[in-house]
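# Coordinate inspection notes
Below, each chain spelled out in residue letters.
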Amino acid sequence: MSNTASEQDNITFNEWAFNIWTDSSDWCVHCDKKNNKLEFDDKTKTTRCTQCGHVETYDDIDWKTLQAQRYVVYQYMPGKYFFNNLSVDAIFKKYLRELSHVDWSSWLIHDYVLARMRGDKVVQEKLREVAKIAAEKMSYDRKPWKTLFEKMDAPNAEIFLQVPQIIYEAAEKKFIEVAPKEELQSTFQGYVENLNSIYSYSRWKKDCVACWVTSEIIKLCDIESSSIEFYTKCFGCDPVLEGFQDDILNGKNHEIDGKDSYIQWEIRLADNYLKESTAFLAVWAAYNALTAKL
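The written sequence of each chain sets the order in which its residues are numbered from 1. Under the rules for a predicted model, residues below a pLDDT of 70 receive no local features and side-chain atom pairs below 80 are neither given nor counted, while totals for whole chains, interfaces and linings still include all residues. Side-chain metrics in this entry use all non-hydrogen atoms of the structure; hydrogen atoms and water are not considered.

## Comments concerning the environment of Ala 285
- Working definition: helices are DSSP H or I runs of at least four residues, strands are E runs of at least two. Numbering for both runs from the N terminus. Relative to the helices and strands, Ala 285 is located in helix α13 (residues 279-293).
- Separated by 146 residues in sequence, Ala 285 and Ser 139 place their C-alpha atoms 58 Å apart.
- In what follows, residue pairs with any heavy atoms lying within 4.5 Å of each other are defined as contacts. Not counting the four nearest positions on each side in its chain, Ala 285 is found in contact with Glu 266, Leu 269, Ala 270 and Tyr 273.

## Some thoughts on a negative patch on the surface
- Patch criteria: residues need more than 30% relative accessible area and no salt bridge. Like-charged residues are merged within 9 Å; nonpolar side chains of Val, Leu, Ile, Met, Phe, Trp and Tyr are merged within 5 Å. All accessible areas in this document rest on Shrake-Rupley with a 1.4 Å probe, and a residue is counted as covered only by the protein chains that are shown. One side-chain nitrogen of Lys or Arg within 4 Å of one carboxyl oxygen of Asp or Glu is enough to make a salt bridge. Working convention for charge: Lys and Arg count positive, Asp and Glu count negative, and His plus the chain ends are omitted. Every charge is mapped onto a representative atom, which is NZ of Lys, CZ of Arg, CG of Asp or CD of Glu. There is a patch of like negative charges on the surface, built from Asp 59, Asp 62, Glu 182 and Glu 183.
- The residue Asp 62 is located in helix α2 (residues 60-75) in this model.
- With a 1.4 Å probe rolled over the protein chains alone, any residue whose accessible area is under 20% of its type maximum counts as buried; one over 50% counts as exposed, and the rest are partly exposed. In this structure Asp 62 comes out as partly exposed when scored by relative accessible area, which is 41%.

## Focus: helix α8 (residues 184-204)
- Expected helix span is computed as 1.5 Å times (number of residues minus one). Relative to the 30 Å expected for 21 residues at 1.5 Å per residue, α8 spans 30 Å between its end C-alpha atoms, a close match to the ideal helical length.
- Once α8 ends, the next one or two residues include Lys 206, with phi positive near 60°.

## Things to note about helix α4 (residues 101-118)
- With 18 residues, α4 should cover 26 Å at 1.5 Å per step; its first-to-last C-alpha distance of 26 Å lies within 8% of that length.
- Along α4, 13 of the 18 residues are buried, which leaves the element largely enclosed by surrounding structure.
- In the stretch just after α4, Gly 119 is the one whose phi turns positive, near 65°.

## Let's talk about the nonpolar core
- Trp 104, Met 117, Tyr 191 and Val 213 are the most contacted members of the largest nonpolar core, which totals 74 residues.
- Here the element with the most residues in this core is α4; it accounts for nine residues.
- Residues within four places of Met 117 in sequence aside, it is in contact with Phe 160, Val 163, Val 209, Trp 212, Val 213, Phe 244 and Ile 248.
- Core analysis: the second largest hydrophobic core is formed by seven residues, Cys 31, Leu 38, Phe 40 and Leu 66 among them. The definition of a nonpolar core used throughout is a set of buried Ala, Val, Leu, Ile, Met, Phe, Trp, Tyr and Cys residues joined through side-chain atoms within 4.5 Å.

## Regarding the sheet that holds strand β3 (residues 55-57)
- The three strands lie next to each other as β1-β2-β3, forming an open sheet whose pairing is antiparallel. In this open sheet, the two strands that pair with only one neighbour each are β1 (38-41) and β3. Pairwise comparison of adjacent strand axes, ignoring direction, gives a mean angle of 20° for this sheet.
- Two strands form a pair only when DSSP identifies at least two bridges running between them. Alignment of strand β2 (residues 46-49) against β3, held across three bridges, turns out to be antiparallel. Paired with Thr 46 across the two strands is Thr 57, which belongs to β3.
- To define axes, lines are fitted to C-alpha atoms, for helices over the stretch in contact only, and angles between the resulting N-to-C directions are given on a 0 to 180 degree scale. Of the strands in this sheet, β1 and β2 are in contact with α2, which crosses β1 at around 125°.

Structure representation (structure tokens):
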């Protein structure tokens, strides 16, 4: 079957059509940076570029891992609602026909907390209605749901961590299904590289919520501590994330100036790299800041 999960890719996450995804596994790397999308064939376990004709063949394990990484990023895109653009009835039907009680409840929590972070009252109210309908039709006690929503509405930043945690657990479950134990860290490493690209894309779109969620997922990933430390330091000095949680708790719009904050971020990175005696990276960061300035 060609173009695995293509229908969902096109409908739910059309962000992947942007050329910003230059390091995505969906792009051909043999087309002189023209960013031509690959065709995926499950039968032959190959990718093929329709422009240059290059064909890449994978063994069974590598193919399953590649598809798992693509699936996880498409299905659980940081900063996006899992029940994206679904009606109250459609979300409830997912409970009846597709998801377990635990998984459905987790994604309802994910979407509600994410909506709170975005100040999206419409989605919050919709999810409250879904929970009400589920309790009524399934004859559940409504008190636990009431307690849950009170907790999610409380002025406590800890609840925000539910969003990256739920995404990470879903990704981990998928990777464990397909990757041998000895390959699990390298699978997560590839996922983290995709997350790094998502962070850059989200920043370009001035989506502070997606940036924060992405950076927090990386902290949870099963990769070498030195890699986690690298990304944590990198995103930790980004002005985009400064005061993020406080602004959300206080009901403020966390807005940024994309260009100026990017210049400031690269200058901070250059300074950090100099302190660590990493001259090449320092020069490169300074070059990025100067380029943006000009």
